[in-house]
Amino acid sequence: MHQEPPAHRRFRLLRPRRPHLWRWRQTDAGQTLVEFALVLPMMLILMFGIVDFGRAFHTWLTVTNAAREGARVGATQVPAATITTRISDAMGPLGTTRLTTTLGNVQGPRGQAVTVDLTYNFSFATPIGPLVSLIGGSLSTPAITAHSSMRLE
């Protein structure tokens, strides 16, 4: 009768004869590291692009809304200081430090339009500019503009 070897000997039989070659064949750490190093810059550009695009889109919505609010209040024949105050309030947490405001036809004749032109100097929050230049491109900081006009009442 054949007797089965004890458990510690049974598993030893399943192991390969040269353990150092077995370990070398099973690890792919070097290949994974190289692949990660190749993919990392593209992943970072994608993630940073998503973040900065979302911020730029929010800024564009805010600047457009502030221009509309300024034209709306300007249509009621109020002074320029009141219009700039309304624009400042509409800008909210973005503030007006990077905002250039141009008002036209304030308190002009009824029936004509008051115009509000806003330009906001946007800046990136992430280092996407240097990353894009690493792969051969260029990315400049945009100026977000908005124009609104409403007829004076």
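Shown above is the structure to which this text applies.
Heads up: these notes are all about the structure in this document. Because the structure is a prediction, the values reported are computed rather than measured. (Residues numbered from 1 in each chain as written. Predicted model: local features only at pLDDT ≥ 70, side-chain atom pairs only at ≥ 80, totals over all residues. Heavy atoms only, no water.)

**Overview of the environment of Asn 65**
Logical step 1: Residue position: Asn 65 is located in helix 3 (residues 29–74).
Logical step 2: In this structure, the C-alpha to C-alpha distance between Asn 65 and Ala 90, residues 25 residues apart in sequence, is 7.1 Å. (Helix = DSSP H or I, 4+ residues; strand = E, 2+ residues; numbered from the N terminus.)

**Considerations on the pattern of salt bridges**
Logical step 1: Counted by the stated rule, this structure contains three salt bridges.
Logical step 2: The partner of Asp 52 in a salt bridge is Arg 55, and the shortest N-O contact between them spans 3.4 Å. Of this pair, Asp 52 and Arg 55 both sit in helix 3, three residues apart, which is roughly one turn of the helix.
Logical step 3: Residue class for Asp 52 comes out buried when judged on its relative accessible area of 3%.
Logical step 4: The shortest N-O distance in the salt bridge between Arg 68 and Glu 69 comes to 3.4 Å.
Logical step 5: Judged by its relative accessible area of 36%, Arg 68 is partly exposed. (Salt bridge = Lys/Arg side-chain N within 4 Å of Asp/Glu carboxyl O. Buried < 20%, exposed > 50% of the residue type's maximum accessible area, 1.4 Å probe, protein only.)

**Structural notes on the nonpolar core**
Logical step 1: Residues Val 63, Ile 87, Met 91, Val 116 and Leu 118 are the most contacted members of the largest nonpolar core, which totals 16 residues.
Logical step 2: Where this core is concerned, the elements lending two or more residues are helix 3, helix 4 (80–91), strand 2 (113–121) and strand 3 (143–151).
Logical step 3: The element best represented in this core is helix 3, accounting for five residues.
Logical step 4: Every residue in contact with Val 63, bar those within four places of it in the chain, is listed here: Met 91, Leu 118, Tyr 120, Ile 144 and Ala 146.
Logical step 5: Core analysis: the second largest hydrophobic core is formed by five residues, Ile 45, Phe 48, Ile 128 and Val 132 among them. (Core = buried A, V, L, I, M, F, W, Y, C linked by side-chain atoms within 4.5 Å. Contact = heavy atoms within 4.5 Å.)

**Some points on the packing of aromatic side chains**
Logical step 1: With the rule as written, the count across this model stands at three aromatic pairs.
Logical step 2: On the numbers, 5.8 Å between centres and 90 degrees between planes, the contact of Phe 122 with Phe 124 is edge-to-face.
Logical step 3: Owing to a relative accessible area of 26%, Phe 124 belongs among the partly exposed residues under this scheme.
Logical step 4: By way of ring pairs, the aromatic residues Phe 53, Phe 57 and Trp 60 are connected into one cluster. (Phe/Tyr/Trp six-rings, centres within 6.5 Å; stacked < 30°, edge-to-face > 60°.)

**Comments concerning the environment of Ile 128**
Logical step 1: Note that Ile 128 resides in helix 5 (residues 128–134).
Logical step 2: When its relative accessible area of 7% is taken as the criterion, Ile 128 is described as buried.
Logical step 3: Considered as a pair, Ile 128 and Leu 46 are 82 residues apart in the sequence and their alpha carbons are 9.0 Å apart.
Logical step 4: The contacts of Ile 128, once residues within four sequence positions are left out, are Ile 45, Phe 48, Gly 49, Asp 52 and Leu 139.

**Section: unusual backbone geometry**
Logical step 1: Unlike most non-glycine residues, Gln 77 shows phi in positive territory, near 65 degrees.
Logical step 2: With respect to the helices, strands and loops of the structure, Gln 77 is situated in the loop between helix 3 and helix 4.
Logical step 3: Given a relative accessible area of 22%, Gln 77 falls into the partly exposed group.
Logical step 4: At Asn 105, a residue that is not glycine, the phi angle is positive and equals roughly 60 degrees.
Logical step 5: By secondary structure assignment, the location of Asn 105 is in the loop between strand 1 (99–104) and strand 2.

**Points about helix 4**
Logical step 1: If you check helix 4, its first and last C-alpha atoms are 17 Å apart, about what 12 residues at 1.5 Å a residue would give, namely 16 Å.
Logical step 2: Along helix 4, the positions that sit buried rather than exposed are Ile 83, Ile 87 and Met 91. Projected onto a plane normal to the axis of helix 4, the buried residues spread over an arc of 75 degrees and lie on a single side. Of the exposed residues in helix 4, the ones pointing more than 90 degrees away from its buried face are Ala 81 and Asp 89.
Logical step 3: Positive backbone phi, at 60 degrees, marks Gly 92, one or two positions downstream of helix 4. (Expected span 1.5 Å × (residues − 1). Arc of directions from axis to C-beta.)

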